[in-house]
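What follows is the residue order along each chain.
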Amino acid sequence: MAGEQGKDHKPEGRPELGEVDGILLPKATCNEWSRIQSFQAKPDDLLICTYPKAGTTWIQEIVDMIQQEGDLEKCQRAPVHQRHPFIEWARPPQPSGVEQADAMPSPRTLKTHLPVKLLPRSFWEQKCKFLYVARNAKDCMVSYFHFQRMSKVVPDPGTWPEYFETFMAGKVGWGPWYDHVKGWWKAKDSHHMLFLFYEDIKKNPKREIQKVVQFLGKPLDEATLDKIVHHTSFDVMKDNPMANRAGVPASPMRTFVYFPSCWKGTVGDWKNHFTVAQNERFNENYRRKMADTTLTFSMEF
Ligand code: A3P
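Rules behind the numbers
- Residues numbered from 1 in each chain as written.
- Predicted model: local features only at pLDDT ≥ 70, side-chain atom pairs only at ≥ 80, totals over all residues.
- Heavy atoms only, no water.
- Near = heavy atom within 4 Å.
- Polar contact = N/O pair within 3.5 Å; in protein donor to acceptor, adjacent residues only side chain to side chain.
- Helix = DSSP H or I, 4+ residues; strand = E, 2+ residues; numbered from the N terminus.
- Buried < 20%, exposed > 50% of the residue type's maximum accessible area, 1.4 Å probe, protein only.
- Phe/Tyr/Trp six-rings, centres within 6.5 Å; stacked < 30°, edge-to-face > 60°.
- Lys NZ or Arg CZ within 6 Å of the ring centre and 35° of its normal.
- Salt bridge = Lys/Arg side-chain N within 4 Å of Asp/Glu carboxyl O.
- pLDDT = per-residue confidence, 0-100.
- Contact = heavy atoms within 4.5 Å.
- Axes fitted to C-alpha atoms, helices over the stretch in contact; angles between N-to-C directions.
- Parallel < 35°, antiparallel > 145°, perpendicular 65-115°, else oblique.
- Nonpolar A, V, L, I, M, F, W, Y, C, P; charged D, E, K, R; others polar.
- Pairing = 2+ DSSP bridges.

Visitor: Which residues make up the site of the ligand, and what values go with them?
Guide: Within the structure, the ligand sits among 16 residues, and Lys 53, Thr 56, Thr 57, Ser 143 and Lys 264 are positioned closest to it. Residue Ala 54 places a main-chain N or O atom 3.3 Å away from an oxygen atom belonging to the ligand. Within the backbone of Gly 265, one N or O atom sits 2.8 Å away from an oxygen atom of the ligand. Of all the secondary-structure elements, those providing two or more residues to the shell around the ligand are helix H4 (56-67) and helix H15 (234-237). Considering each element in turn, the shell around the ligand owes the most residues, 3 residues, to H4.

In structure tokens form, the structure reads like this:
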């Protein structure tokens, strides 16, 4: 198996992370870094930006349904990860995110998890639209832990207590949650950006989807809006093979076939994982790391 998985994989089959400017990223992404950095954005690109596990797939489906004016058949044209190229994604011999984006006709909707400081410059230069979705750190941590346990395309997370420390130290793919959300929150003041919160979409999907509708400049009637709210609700999306990656075949590098078997789609799942002592330690660390921002999160309803 080692031969198939290549030199970037540890013997047990898990890929290693590399590092760019202090941020951990998949090794294959690091190997492609100069091509990713010189990616040419276009002025009519829309870039969906999230920290991993913040609800990327959810907002992708919402955006696509708005762009397709609620036409379900059009949204079924391809799995969600193919509809929106993931610009820093690389897994040779598959086409890279950059190659997929280059091959896509405009106007393009693209996806990234990169922190502000690593985003290819052309996105800023071309004054693209950015749609950022933020999710509270505790639920992101728990979701990321389950994901890393389920998927062999990312490093083994170790035990929960180990992962708790790893996440707080920012030693996970795409770097520290704290710098990610703070960086994008700051960038929204000088760029064309809609900044949404996972918890708000969960609480009032219609109101938040309406914000996206306005941001995209694609007015929709009430019935279409209601259809989008329904289609992108958790229960419907988790059974939609074009949104839940059920269509992605199992492989030696992918343990799961039905991706969201670990999805819960709730706010506050962290309470089922954090011990009282961990919560205190987390809160203390959080206060220090988030002292220099106006950004606040709902961690429970
Ligand atoms: P949980 O692991 O907490 O269940 P991403 O797409 O960025 O990888 O994020 C995955 C997280 O988004 C998972 O969180 C998943 O359940 C949640 N999610 C996906 N679709 C959702 C929906 N329609 N409503 C609410 N949460 C959703």
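Visitor: Requested: an account of helix H11 (residues 177-187), with residues and values cited.
Guide: Counted residue by residue, H11 has 8 buried out of 11 residues, so it is predominantly covered. Along H11, the residues classified as buried are Trp 177, Tyr 178, His 180, Val 181, Lys 182, Trp 184, Trp 185 and Ala 187.

Visitor: Which residues make up the packing of aromatic side chains, and what values go with them?
Guide: What characterises a pair of aromatic rings is the spacing of the ring centres plus the angle enclosed by the ring planes. Tallying each qualifying case throughout the model produces 31 aromatic pairs. Between Trp 185 and Phe 197 the ring centres are 6.2 Å apart and the planes differ by 55°, which places this aromatic pair in the tilted class. Here Trp 185, found in helix H11, pairs with Phe 197, found in strand E6 (residues 193-197); they are 12 residues apart in sequence, far enough to count as distant. Taken as a pair, Trp 185 and Phe 197 share a single burial class, namely buried. Between the NZ or CZ atom of Lys 111 and the centre of the ring of Phe 86, over which it lies, the distance is 4.1 Å. Across from the ring centre of Tyr 178, 4.6 Å away, lies the NZ or CZ of Lys 289, which sits over that ring.

Visitor: I'd like a description of the pattern of salt bridges, backed by residues and values.
Guide: Following the criterion strictly, the structure yields 20 salt bridges and no others. Ionic pairing is found between Asp 64 and Arg 83, a salt bridge with its closest N-O pair at 2.8 Å. Here Asp 64 is found in helix H4, whereas its partner Arg 83 is found in helix H6 (residues 80-83), with 19 residues between them in sequence. Across this residue pair, the class does not change: Asp 64 and Arg 83 are buried. Between Glu 300 and Lys 271 there is a salt bridge whose closest N-O contact spans 2.6 Å. In this pair, Glu 300 is assigned in the segment after helix H16 (276-289) and Lys 271 in the loop between H15 and H16, connecting sequence segments 29 residues apart. With relative accessibility at 40%, the residue Glu 300 sits in the partly exposed group. Within this structure, Glu 61, Asp 64, Arg 77 and Arg 83 form a network of salt bridges that share partners.

Visitor: Tell me what's going on with the confidence of the model for the protein, and back it up with residues and numbers.
Guide: Per-residue confidence for the protein averages 91 on the pLDDT scale, and 90% of its residues sit at or above 70. Predicted confidence is poor over residues 1-9, with pLDDT under 50, and the contacts of this stretch with residues over four places away or in other chains come to 15 contacts. Taken together, the stretch residues 252-258 has pLDDT below 50 and engages in 27 contacts with residues farther than four places along the chain or on a different chain.

Visitor: Can you break down the environment of Arg 108 residue by residue, with the values?
Guide: Mapped onto the secondary structure, Arg 108 falls in the loop between helix H7 (97-102) and strand E4 (109-112). Ignoring anything within four residues of it in the chain, the contact list for Arg 108 reads Phe 39, Gln 40, Ala 41, Lys 42, Asp 44, Asp 45, Leu 46, Ala 101 and Asp 102. A polar contact is formed between the side chain of Arg 108 and the side chain of Asp 45, at a distance of 2.8 Å.

Visitor: Give a detailed account of the packing of helix H10 (residues 160-168) against H16, specifying residues and quantitative values.
Guide: Between H10 and H16, the least distance of the axes is 11 Å, while the angle of their chain directions is 5°. It follows from the interaxial angle that H10 and H16 lie roughly parallel. Listed contacts from H16 to Trp 160, Pro 161, Phe 164, Glu 165 and Met 168 of H10 are Gln 278, Arg 281, Phe 282, Asn 285 and Lys 289. In terms of residue class, the contact of H10 with H16 is made up of 5 nonpolar, 2 polar and 3 charged.

Visitor: Could you give an account of the sheet that holds E6, with specific residues and numbers?
Guide: Pairing between sheet strands relies on hydrogen bonds along the backbone, with the strands arranged either parallel or antiparallel. A sheet is described by the order of its strands in space; here 4 strands give the open sequence E4-E3-E5-E6, paired in parallel fashion. Of all the strands in the sheet, the pair left with one neighbour each is E4 and E6. Averaged over all neighbouring strand pairs, the angle between strand axes comes to 20°, with direction disregarded. The pairing of strand E3 (residues 46-50) with strand E5 (residues 129-134) spans 5 bridges and is parallel. Bridging from a neighbouring strand, Leu 47 pairs with Phe 130 of E5. Contacts from H4 reach E3, E4, E5 and E6 within the one sheet, and its direction differs from that of E3 by about 160°. Contacts from helix H13 (residues 205-216) reach E3, E5 and E6 within the one sheet, and its direction differs from that of E6 by about 170°.

Visitor: Residues and numbers for unusual backbone geometry, please.
Guide: Outside of glycine, negative phi angles account for most residues, and trans bonds account for most peptide bonds. The omega angle of the peptide bond from Pro 92 to Pro 93 is 10°, so this bond is cis rather than trans. Among the secondary structure elements, Pro 93 is positioned in the loop between H6 and H7. Cis geometry marks the peptide bond from Ser 106 to Pro 107, where omega comes out at -5°. Even without glycine at this site, Asp 21 takes up a positive phi of about 50°. Positive phi, normally seen in glycine, also occurs at Lys 127, with a value near 55°. Within the secondary structure, Lys 127 is located in the loop between helix H8 (121-125) and E5.

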